[in-house]
Structures are given as structure tokens and as C-alpha cells.
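# Coordinate analysis (summary)
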Amino acid sequence: MKKFREFLSIGHFPSLVSSFLYFDFSFMVWMLLAALGVFISEEFKLGPAQKGMLVSVPLLGGTLLRIPLGLLSDRYGSKIVGLCGMGVTMFTLLLGWKFAHTLSEVILVGLLLGTAGASFAVALPLASRWYPKEYQGLVMGIAGAGNSGSVIATFFAPDLARNYGWHAVFGIALIPLAFAFIFFLFFAKDCPGTISKKPLKQYLVPIKSRDALFFCLLYSVTFGGFVGIASFLPIFFHDQYGVDKVTTGLYTSYCILGASLVRPIGGYLSDKFGGVTVLLGVFAGVASCLIAVSWLPSVGIILPTFITLMIFLGLGNGSVFQLVPLRFSKEIGIITGFIGAFGGLGGFFVPNLLGSLKAISGTFSVGFVVLSVVVALSAFLLFMMNTYVWGKNRKNESLELESA
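Residues numbered from 1 in each chain as written. Predicted model: local features only at pLDDT ≥ 70, side-chain atom pairs only at ≥ 80, totals over all residues. Heavy atoms only, no water.

### Thoughts on the overall build of the chain
Within the chain one finds 19 helices and zero strands. Taken over C-alpha atoms, the radius of gyration comes to 20 Å for the chain, in line with the 22 Å a tight globule of 404 residues would show. Once the C-alpha set of the chain is aligned to its principal axes, its extents read approximately 70 × 45 × 45 Å. With 404 residues in all, the chain has 58% of them scored as buried. The long-range fraction of contacts in the chain, counting pairs at least 24 apart against all pairs at least 6 apart in sequence, stands at 86%. Carbon and sulfur atoms provide 70% of the accessible area of the chain, an area that totals close to 16100 Å². (Helix = DSSP H or I, 4+ residues; strand = E, 2+ residues; numbered from the N terminus. Rg over C-alpha atoms; globule rule 2.2 N^0.38 Å. Buried < 20%, exposed > 50% of the residue type's maximum accessible area, 1.4 Å probe, protein only. Contact = heavy atoms within 4.5 Å. Areas by Shrake-Rupley, 256 points an atom, 1.4 Å probe, with all protein chains shown as cover.)

### Re helix α6 (residues 78-98)
Along its 21 residues, α6 runs 30 Å from first to last C-alpha, staying within 8% of the 30 Å computed at 1.5 Å per residue. Every buried residue of α6 is listed here: Ser78, Val81, Gly82, Leu83, Gly85, Met86, Thr89, Thr92, Leu93 and Gly96. (Expected span 1.5 Å × (residues − 1).)

### Description of the packing of aromatic side chains
One pass over the full model with this rule turns up 28 aromatic pairs. Look at Phe223 and Phe226: their rings are 6.3 Å apart centre to centre, the planes differ by 45 degrees, and that puts the pair in the tilted class. A residue pair is termed a helical-turn pair when its members lie 3 or 4 positions apart in one helix, as Phe223 and Phe226 do in helix α14 (residues 210-241) at three residues. With relative accessibility at 0%, the residue Phe223 sits in the buried group. The class of Phe226 is buried, set by a relative accessible area of 1%. By the ring-pair criterion, three or more aromatic residues cluster together here, those being Phe232, Phe236, Phe237, Tyr241, Tyr251, Tyr254, Phe306, Phe364 and Phe368. Here the guanidinium or amino end of Lys272 rests over the ring plane of Phe273, the centre of that ring lying 5.9 Å away. Here Lys358 stacks its cationic end above the ring of Phe364, 5.3 Å away from the centre of that ring. (Phe/Tyr/Trp six-rings, centres within 6.5 Å; stacked < 30°, edge-to-face > 60°. Lys NZ or Arg CZ within 6 Å of the ring centre and 35° of its normal.)

### Quick word on the side chain of His167
Take His167: it is sitting in helix α12 (residues 166-187). Residues contacting His167, with those up to four places away along its chain left out, are Gly96, Trp97, Ala100 and His101.

### Regarding unusual backbone geometry
Phi at Lys45 takes a positive value of approximately 55 degrees, unusual for a residue other than glycine. Position of Lys45 relative to the elements: it lies in the loop between α4 (37-44) and α5 (48-76). In this model, Leu296 sits at a positive phi of 50 degrees, which is unusual for a non-glycine residue. Since its relative accessible area comes to 18%, Leu296 is described here as buried.

### Side note on the environment of Lys98
Within the secondary structure, Lys98 is located in helix α6. When its relative accessible area of 43% is taken as the criterion, Lys98 is described as partly exposed. Through-space distance from the C-alpha of Lys98 to that of Phe232 is 25 Å; in sequence the pair is 134 residues apart.

### Details of a nonpolar patch on the surface
On the surface, a cluster of nonpolar side chains totalling about 520 Å² of accessible area is made up of Ile291, Trp295, Val369, Val373 and Leu377. Sorting elements by how many residues they give to the nonpolar patch places helix α19 (residues 365-403) first, with three residues. Here Leu377 shows up in helix α19. Take Leu377: its relative accessible area is 52%, and that puts it in the exposed class. (Patch = residues over 30% accessible without salt bridge, like charges linked within 9 Å, V, L, I, M, F, W, Y side chains within 5 Å. Salt bridge = Lys/Arg side-chain N within 4 Å of Asp/Glu carboxyl O.)

### Section: the nonpolar core
Grouped together as the largest cluster of nonpolar side chains are 123 residues, with contacts concentrated most on Phe236, Phe237 and Phe306. It is α14 that provides the largest number of residues to this core, a total of 17 residues. Phe306 has contacts with Ile229, Leu233, Phe236, Phe237, Cys255, Val293 and Phe368, leaving out every residue within four places of it along the chain. (Core = buried A, V, L, I, M, F, W, Y, C linked by side-chain atoms within 4.5 Å.)

### Considerations on the pattern of salt bridges
For the structure shown, the criterion picks out four salt bridges. Arg129 is paired through a salt bridge with Asp74; the nearest N and O atoms lie 2.6 Å apart. With Arg129 in the loop between α9 (120-128) and α10 (136-144) and Asp74 in helix α5, this pair connects stretches of sequence that are 55 residues apart. There is no split in this pair, since Arg129 and Asp74 are both buried.

### Topic: the confidence of the model for the chain
Averaged over all residues, the pLDDT of the chain is 88; the fraction at 70 or higher stands at 92%. In the model, residues 396-404 has pLDDT below 50 throughout and makes zero contacts with residues more than four positions away in sequence or in other chains. (pLDDT = per-residue confidence, 0-100.)

### Notes on helix α7 (residues 103-112)
Count 3.6 residues to each turn of an α-helix, and residues three or four apart come out pointing the same way. For α7, the full list of buried residues reads Val106, Val109 and Gly110. Along the long axis of α7, the arc covered by the buried residues comes to 105 degrees, so they all point the same way. Buried residues along α7 sit against α3 (32-35), α4, α5, α6, α8 (114-117) and α12. (Arc of directions from axis to C-beta.)

### Some thoughts on the environment of Val350
Relative to the assigned elements, Val350 resides in helix α18 (residues 332-361). Here the alpha-carbon distance between Val350 and Cys191, two residues 159 residues apart in the chain, equals 36 Å. For Val350, the contacting residues outside a window of four places in its chain are Gly224, Gly225, Gly228, Ile229 and Leu371.

So, in C-alpha cells, the structure goes:
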């Protein structure tokens, strides 16, 4: 309790809440196509590979925009960039509500919804810049828990689509996003002294480092796995088990709720035990769950297995971003955008992989086995990196301190 009061007394709590709300409702919008995927697929009579592409398009849009928004956040501040991002997202929702009547128009709306997904590169730096390193895991976990917006989308959107049509859901989504915009306008504040107008080339220097590229790999597995599987779950439950369209949303909500809630716990555990230790445990759990899912057991078994899988991925998201500010505290905006972009890219590949391999092999099993192999290889690389690279650096730093 004492530590919690200390946490509230430092930093800027209104900005932390603003970051969470901005990311939460933006993530809700980012996941709308996934939540409505079964409805849209039926209307346009899409095949398995096309379904995977449909739900992954917003993830690709987020990938393309996260780096520019992260750079702009470093250069001009997160508040103005965040307000502009929400403005573009609200315009996109208007397009989806009134004008998306062909598949190509829906794809265009999906790409523009990437602006909502790119909010990650603005919201997390806004919160991070206010707090010292001993709280980075917790702070990034709280702000990053805004991915719980996916639960709002999958829980409410299918029922709303059944009652009012899927176009109307885009219009309804304007309401909570407008609330987030107003709250952000009045309560968000950039940390003094953190806006830098250095040349553009200097912003790009950190992303060339080995550590930045490795964090990209880790986040493409944890966040990419989370958002990619979450995007595909409604279609998976409908096509594999014949679950009705509204219930697919409920099942998906059950799966991703725990993942969203445990992200701050992943950050806290990483603060306490180290991000690498927690991540190795996470990868072991994720790979095991994917193998279990690949057997395609009954709904009564596979649903709790997916819930467990997503909880592991949620812990992993918090763990990765406990490590990032410790290594790149001065370039957190561009680095968050860069690493977040690879997370979105991983998410883009997951539903495409699952859909394409289902079209080729006739079963979803193959795709889940391939994903489990990717996770196992990532765990091996993390172990080797920590043992032979980071471990060596820590040893050299210790020797320098002793000689001093």
C-alpha cells in the first residue's frame, strides 16, 4: 500500500489514465473488422485465405503507421499527435459507417483503421516519460492494458451488428472514441523537457541497433501472436465448430480479457524477476498451448486452452516493454513505434498464415503447429542472446565498476 501511494505521488497520473483511455478505445476500433469478420465474410462470400486477409488489413495499417507516429511523438509531443490520430480515426469510422459498400472500400477502411492501432506508439511514450525506471514495467503495463479495447469490440460488436447491421457499428464506435478525445484533450500532458527537435537522421540511429531488432522479434511473437490470434478467433470458432456469429464474439472476449488484464502483471513480474526470465517462461507456456490447440479438441477443451494461451501472451507483452525503456529511455517514442510496428506485422502474418494453410491443407492444425515452432525458436534465440551477449555486457560493466 505504501508503495502504491508512492507511485501515485510521482509522475503524472492523469496522463497515465489518458494514455490508457486513448489506447483502449483506439484498440477497440482497431479490432472492429475482426469482430465483424464473420458478418462481412458472409456478405461478400469470402474463402479461408480471404478471411485471413480481411481481418489482418488493420494490423498492416497499424504496422505502417506506428513508426511515423512514434517519431512525431518524440519530435512534437504525444498530446498533439494523439489528438490528430484520434481525429483521423473518427473520420475513418465515418467512412465505414456511411460509405463502405464494396469489399475494396472495406479494405480501404481497414487500412485507415491502422491509425487507431498506431496509437500504441503515442500512448505508451506519453506515460513512460513521466516515471523513473523502477516503475517502467508497471507503467507500460497499465498503459498497454489498453489492448483490453479488443474485448469491448468482440463483446459488443457482433450483437450490435445482428441488430443494426455491421455498418452501424462503425457509427456507434464514434461515441466512446469521442469521449477519449475529450478526456485526452483536457488531462493529457507531455512531460517537460522530453520533446526533441533533433535532425530526423538522429531519430533513426537507435533502430539500427542489435537490441532494437531483437526486441522487434520478441514483440512480433508476443503482441503479434496476441492480436493476430484475437483477430482470427471469431472466424476460427465459426468455421471450425459452427459457433453462431454472436457467440463467436463472446468466446473471443473470454479469450482476450485475461490477456489484457495481466499485461500490467507481466510488467510488474519483470520489474521483480527480470524481463528475460519471465519471457522464457512465457514462451514455454505459449508453445505448449499452441501444440494443444493444434489437436483441435472439443470447444469445451479448446476454449480454456485459448484463454490460457492468450494470458501467456499478455504477460509476454508486459515483459518485453519492461525491457525497452531500460535500454532506450531517451528515444522511447521512435523505439516504441518501431518495435510496435513489428508487433503489428507479426499480427498481420498470423491470420494470413492460419487462413492460407487452412485453404491449402484443409485443417487449422498445420498453422498452429507452425506458430509453436516459431515461438520455440524465439525462446532459444532469447536464451542465447541473454547468455552470450547481454550476459557478457553485464560482466564487462561489473569489471569496469570494480576497477574504478
